[in-house]
Amino acid sequence: MGKKIFSGVQPTGNLHLGNYLGAIKNFVDLSNENDTECIFCVVDLHAITVNQDPKEFRNNIRETVATFIASGIDPKKNIIFNQSQVSAHSEAAWILGCIARMGWLNRMTQFKEKAGKDKEKASIGLYSYPVLMAADILLYDATHVPVGDDQKQHLELCRDIAQKFNNDFKVENFFVTPEPLIQKEFSRIMSLKDGTKKMSKSEISDLSRINLSDTQDQIINKIKKAKTDPLPMPINVKDLDKRPEAKNLLGIYSSLKKINLEKSVKEFSGKNFSEFKENLAQVLVDKIFPLSLEIKKLLDDKVYLDQILVEGAQKANDKASKKIKEIHKIIGF
Ligand code: AQP
């Protein structure tokens, strides 16, 4: 039996290089494999765990679809849909919320990071976010979930929930326990302003990330201003252990050039950062700017994008509603 892939991206605007290199690029490779079924979800229910402006939100949903397609995901061959249009996701999330334990959720580091100091004011949705993520994955019997390194803990929770449900109801293998697919290298792209923080959509400073919608000038300017350290470029990979910014920039370069870190370090060994940055900006312009143009072009045809979502939701609903019916039977509803 081939692989069944499920993964999602939040339509929270500012899709960036981290989302692309950590997840979307991987989606494209998987969608081109033979004997692999792929479902890619615009996780709009996850996005409302923090405030969204309705008008911007609708645009961001379309922009996420446009990004999938511009990156190379074929909407005819793969299912692309938005989560809110398949009600089984919300229903399964409730049911699985009755399986998951508070102690398990209390360990989730993403909630701690996103809720910050004022946990009391965070939404309940933000807290139970990983339960909804488990519902997304388990409804489709996904065998593999391509994600960035930051989502590893949520995937482990999903596996625990699947196993507990199967054990509690004595339905061995009813829920498939999915494997995370995390790239071995460059699975966490860091902020351009702080090499110890991940590149993120919600970071206030736009200079911290390369957005997939950036112009050539914006890309060049952001790389010029990216934080570095006063030393020249490293001469071996080990030197990077205490130089997070240099490591991140070289990682981005390597990932885009599809070469390993050793090779990139060798190419710029002992040189000035400015020379490396010029090369990095050029690679980014070559690889990311065409994507940005294609996204903009696709966004001009809203009817086309909406049609993809409608068709995708029908296909996803066929699968998810069958699984929900089975869940009802098992529980005794
Ligand atoms: N910096 C990153 N490096 C590698 N992978 C990343 N991903 C996100 N940031 C990085 C991966 O992108 C996929 C989609 O992410 P998401 O939008 O659903 O959620 P997120 O992880 O919360 O993304 P952001 O950008 O950090 O958004 P905010 O700022 O809203 O929290 C996931 O597979 C994720 O691993």
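Residues numbered from 1 in each chain as written. Predicted model: local features only at pLDDT ≥ 70, side-chain atom pairs only at ≥ 80, totals over all residues. Heavy atoms only, no water.

Here the focus is the domain arrangement of the chain. The parts lose accessible area when they come together, and the size of an interface is often stated as this lost area. The domains assigned to the chain are domain 1 (3-187 + 302-331) and domain 2 (206-297). For domain 1 and domain 2, the distance between their C-alpha centroids amounts to 30 Å. Domain 1 puts 14 residues into the contact, and the matching count from domain 2 is 17 residues. For the domain 1 and domain 2 pair, buried surface summed over both sides reaches about 1,300 Å², with 74% attributable to carbon and sulfur atoms. Of all residues in domain 1, Leu 17, Ala 70 and Phe 186 bury the most surface against domain 2, accounting for 40% of the area lost on that side. Linking domain 1 with domain 2 are zero salt bridges. Here domain 1 is connected to domain 2 by two residue pairs in polar contact (both at pLDDT 80 or more). Residue assignment for the side of domain 1 that touches domain 2 shows that the elements contributing at least two residues are α1 (17-31) and α3 (54-71). (Domains from an automatic or database assignment. Contact = heavy atoms within 4.5 Å. Buried area = accessible area lost by both parts, 1.4 Å probe. Salt bridge = Lys/Arg side-chain N within 4 Å of Asp/Glu carboxyl O. Polar contact = N/O pair within 3.5 Å; in protein donor to acceptor, adjacent residues only side chain to side chain. Helix = DSSP H or I, 4+ residues; strand = E, 2+ residues; numbered from the N terminus.)

With respect to spatial proximity, 21 residues lie near the ligand, and among them Lys 114, Asp 150, Ser 200, Lys 201 and Ser 202 are the closest. Contacts to the ligand include Lys 114, whose side-chain N or O atom sits 2.6 Å from an oxygen atom. One nitrogen or oxygen atom from the side chain of Lys 198 is found 2.8 Å from an oxygen atom belonging to the ligand. When isolated, the ligand has an accessible area of 640 Å², and the protein chains bury 96% of it. Listed by contribution, the elements that provide at least two residues to the shell around the ligand are β1 (3-9) and α1. A per-element tally of the shell around the ligand places α1 first, with four residues. In terms of residue class, the shell around the ligand is made up of five nonpolar, 11 polar and five charged. (Near = heavy atom within 4 Å. Areas by Shrake-Rupley, 256 points an atom, 1.4 Å probe, with all protein chains shown as cover. Nonpolar A, V, L, I, M, F, W, Y, C, P; charged D, E, K, R; others polar.)

The set of residues buried in helix α9 (residues 216-225) consists of Ile 219, Lys 222 and Ile 223. Summarising the axial view, the buried residues of α9 lie within an arc of 95°, below the 170-degree limit, and thus occupy one face. Looking at α9, the residues exposed on the side facing more than 90 degrees away from the buried face are Asp 217 and Lys 224. Those residues of α9 hidden inside the fold are in contact with α12 (273-299). (Buried < 20%, exposed > 50% of the residue type's maximum accessible area, 1.4 Å probe, protein only. Arc of directions from axis to C-beta.)

On to the pairing of strand β2 (residues 36-42). With six of seven residues buried, β2 lies mostly within the body of the structure. Taking the sense of rotation as the criterion, the β-α-β connection linking β1, α1 and β2 turns out right-handed. The pairing of β2 with strand β3 (residues 79-82) spans four bridges and is parallel. The residue of β3 that forms the bridge with Ile 39 is Ile 79. (Right-handed = clockwise from strand over helix to strand, strands pointing away. Pairing = 2+ DSSP bridges.)

This paragraph deals with the pattern of salt bridges. For the structure shown, the criterion picks out 17 salt bridges. A salt bridge links Asp 306 to Arg 62; the nearest nitrogen and oxygen atoms lie 2.8 Å apart. Of the two residues, Asp 306 sits in helix α13 (residues 302-331) while Arg 62 sits in helix α3, which places them 244 residues apart along the sequence. Residue classification places Arg 62 among the buried residues on the basis of a relative accessible area of 13%. For the salt bridge of Lys 164 with Asp 168, the shortest nitrogen-to-oxygen distance reads 2.8 Å.

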